Amino acid sequence: MIVGILKEIKKEENRVAMTPAGVEVMVHAGHTLLVEKNAGAGSGFADEAYAEAGATIVATSAEIYAKSDMVMHVKEPQASEYGMIRPGQIVFTYLHLAADEPQTQALIKSGAVCIAYETIQKADGSLPLLTPMSEVAGRMAIQQGAKYLEMAQGGNGVLLGGVPGVDPGTVVVIGGGVVGTHAARMACGLGAKVYILDMNLDRLRHLSEVMPSNCFPLMSSPATVRKLVREADVVVGAVLVTGAKAPKLVTRDMLKTMKPGSVLVDVAIDQGGCFETSKATTHTDPTFVVDGVVHYCVANMPGAVAKTSTLALTNATLPYALTIANKGWKRAMQDSCEIAKGANVIDGKITFKGVAEAFGLDYVSVDTFLN
């Protein structure tokens, strides 16, 4: 298969879909790898490293789209790319379609086979291609929350870890999955008082056993969220409904009860955000203030630590990319329920229920294309 690795063009996105080491594995398996010029520069990987690994360096994205059977991105295709996507071409990347109707309509129109990293799912419910970026984003959420508590950044002047004789800050993490667990661990490591909320009692039992003593796992409910956000210095939104829009768990009315200068970090912003007042921001202009509360809602948080993120992402995506390239998308989905769950749009049809429901569109089971 001819596989194209595209340069990211979303604003301030420095990751790349595959490292030179990943390219070497794909080439060794008999595939042709085309890498767009300077695709890896933001992550510290030069064109020469890709060429040495066996890739052909290509000058433009248009040439990548024209020649490749499968194209790989990190972020979703941008509007300038929609017209380049060909019928039957495999698009393998993060898509987050439930929060992006224009992209959804464009991919329907393209006739391509669109496989989303974020909905590939193992039998145990885990999301192997979302996990590494969730780990990065969870850890970054606390770094950013701590920074924006500084008064020069508009915060309330609280040091999350406190000092001897002074209470630490309070962190509330909504969601006990991968993002939430990593955020809570980071906050605990700084010495903050941490509450982590989840609706799964088994998950809470697990967290109670493995988290440090300054972390308090609690059953999530609107009443609990209302109570804790009043006490919080940092609130991390870490809720995920696979492939669907995030629920709004902190309302505008709750916001008015929060401390002036407290910080909301919405890691769910890729899926529409879990705070009512959230709107996507960028690394250049990462925050805004509503009712005295600082909002950090950067939609590609891991892009700020591109080298770590790219290495972690390739570790996770490479086995799936190799399977799709070796077998073709149809056989790969027939043989792997995990990859089949990644199918979001095939030949103009929505094949992921959460995306169809988000926009009131018709849903067609992926099995229709595999039988």
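Residues numbered from 1 in each chain as written. Predicted model: local features only at pLDDT ≥ 70, side-chain atom pairs only at ≥ 80, totals over all residues. Heavy atoms only, no water.

K.L.:
Is there a simple way to explain the sheet that holds strand 14 (residues 343–346) in this structure?
P.N.:
Through backbone hydrogen bonds, the strands of a sheet pair up, either in parallel or in antiparallel fashion. Reading across from one edge, 3-2-1-4-5-6-14-15 is the order of the eight strands in this open sheet, with mixed pairing throughout. With partners counted over all chains shown, the strands left at the sheet margins are strand 3 (56–58) and strand 15 (349–350), one partner each. Sheet topology note: the strand 1 (residues 2–5)/strand 4 (residues 70–72) ladder contains three bridges and is parallel. The partner of Val 3 across the bridge, within strand 4, is Met 70. Strands strand 1, strand 4, strand 5 (90–93) and strand 6 (113–116) of the sheet are contacted by helix 10 (residues 306–327), whose axis makes an angle of about 170 degrees with strand 5. (Pairing = 2+ DSSP bridges. Helix = DSSP H or I, 4+ residues; strand = E, 2+ residues; numbered from the N terminus. Contact = heavy atoms within 4.5 Å. Axes fitted to C-alpha atoms, helices over the stretch in contact; angles between N-to-C directions.)

K.L.:
Please explain the packing of helix 5 (residues 131–148) against helix 10 as it appears in this structure.
P.N.:
Angle between the axes and distance between the axes are the two parameters that describe a pair of packed helices. Where helix 5 meets helix 10, the axes come as close as 8 Å, and the angle between the chain directions of the two elements is 155 degrees. The orientation of helix 5 with respect to helix 10, classified from their angle, is roughly antiparallel. Residue-level contacts link Pro 132, Met 133 and Val 136 of helix 5 to Ser 309, Ala 312, Leu 313 and Ala 316 of helix 10. A breakdown of the residues in the contact of helix 5 with helix 10 according to their chemical character gives six nonpolar, one polar and no charged. (Parallel < 35°, antiparallel > 145°, perpendicular 65-115°, else oblique. Nonpolar A, V, L, I, M, F, W, Y, C, P; charged D, E, K, R; others polar.)

K.L.:
Explain the environment of Arg 331 here, please?
P.N.:
The residue Arg 331 is located in helix 11 (residues 329–335) in this model. For Arg 331, a relative accessible area of 46% gives the class partly exposed. Counting along the chain gives 39 residues from Arg 331 to Leu 370, while the straight-line C-alpha distance between them is 7.9 Å. (Buried < 20%, exposed > 50% of the residue type's maximum accessible area, 1.4 Å probe, protein only.)

K.L.:
What am I meant to see in the nonpolar core here?
P.N.:
The nonpolar side chains of a soluble globular protein tend to be buried with one another. Met 72, Phe 92, Val 236 and Met 333 are the most contacted members of the largest nonpolar core, which totals 77 residues. Ranked by the residues each element gives to this core, the list is headed by helix 10, at eight residues. Membership of the second largest hydrophobic core comes to 25 residues, among which are Val 229, Val 235, Ile 269 and Val 293. (Core = buried A, V, L, I, M, F, W, Y, C linked by side-chain atoms within 4.5 Å.)

K.L.:
I would appreciate a short explanation of the sheet that holds strand 7 (residues 170–174) in the present structure.
P.N.:
Strand order in this open sheet of seven strands is 9-8-7-10-11-13-12, and the pairing throughout is mixed. The sheet is open, and its two borders are formed by strand 9 (215–219) and strand 12 (287–290), each paired with just one other strand. Taken over all neighbouring pairs, the strand axes of this sheet differ in orientation by 20 degrees on average, direction set aside. Bridge analysis of strand 11 (residues 263–266) against strand 13 (residues 293–296) gives three bridges, and the strand direction is parallel. By the bridge assignment for strand 13, Leu 264 is matched with His 295. The sheet strands contacting helix 7 (residues 201–210) are strand 8 (193–198) and strand 9, and the helix crosses strand 9 at an angle near 170 degrees.

K.L.:
For this particular structure, what's the right way to read unusual backbone geometry?
P.N.:
At Asn 38, a residue that is not glycine, the phi angle is positive and equals roughly 65 degrees. Along the chain, Asn 38 turns up in the loop between strand 2 (32–36) and helix 2 (47–52). Unusually for a residue other than glycine, Asp 347 sits at a positive phi of about 50 degrees. Take Asp 347: it is sitting in the loop between strand 14 and strand 15.

K.L.:
Explain the environment of Ile 57 to me, please; I cannot follow it from the model alone.
P.N.:
Tracing the chain through its elements places Ile 57 in strand 3. By relative accessible area, which is 30% here, Ile 57 ends up partly exposed. When the C-alpha positions of Ile 57 and Ala 306 are compared, they lie 21 Å apart, and in sequence the two are 249 residues distant. Setting aside its immediate chain neighbours within four residues, Ile 57 contacts Val 35, Lys 37, Asp 47, Tyr 50 and Ala 51.

The values reported here are purely geometric and, on their own, carry no functional implication.
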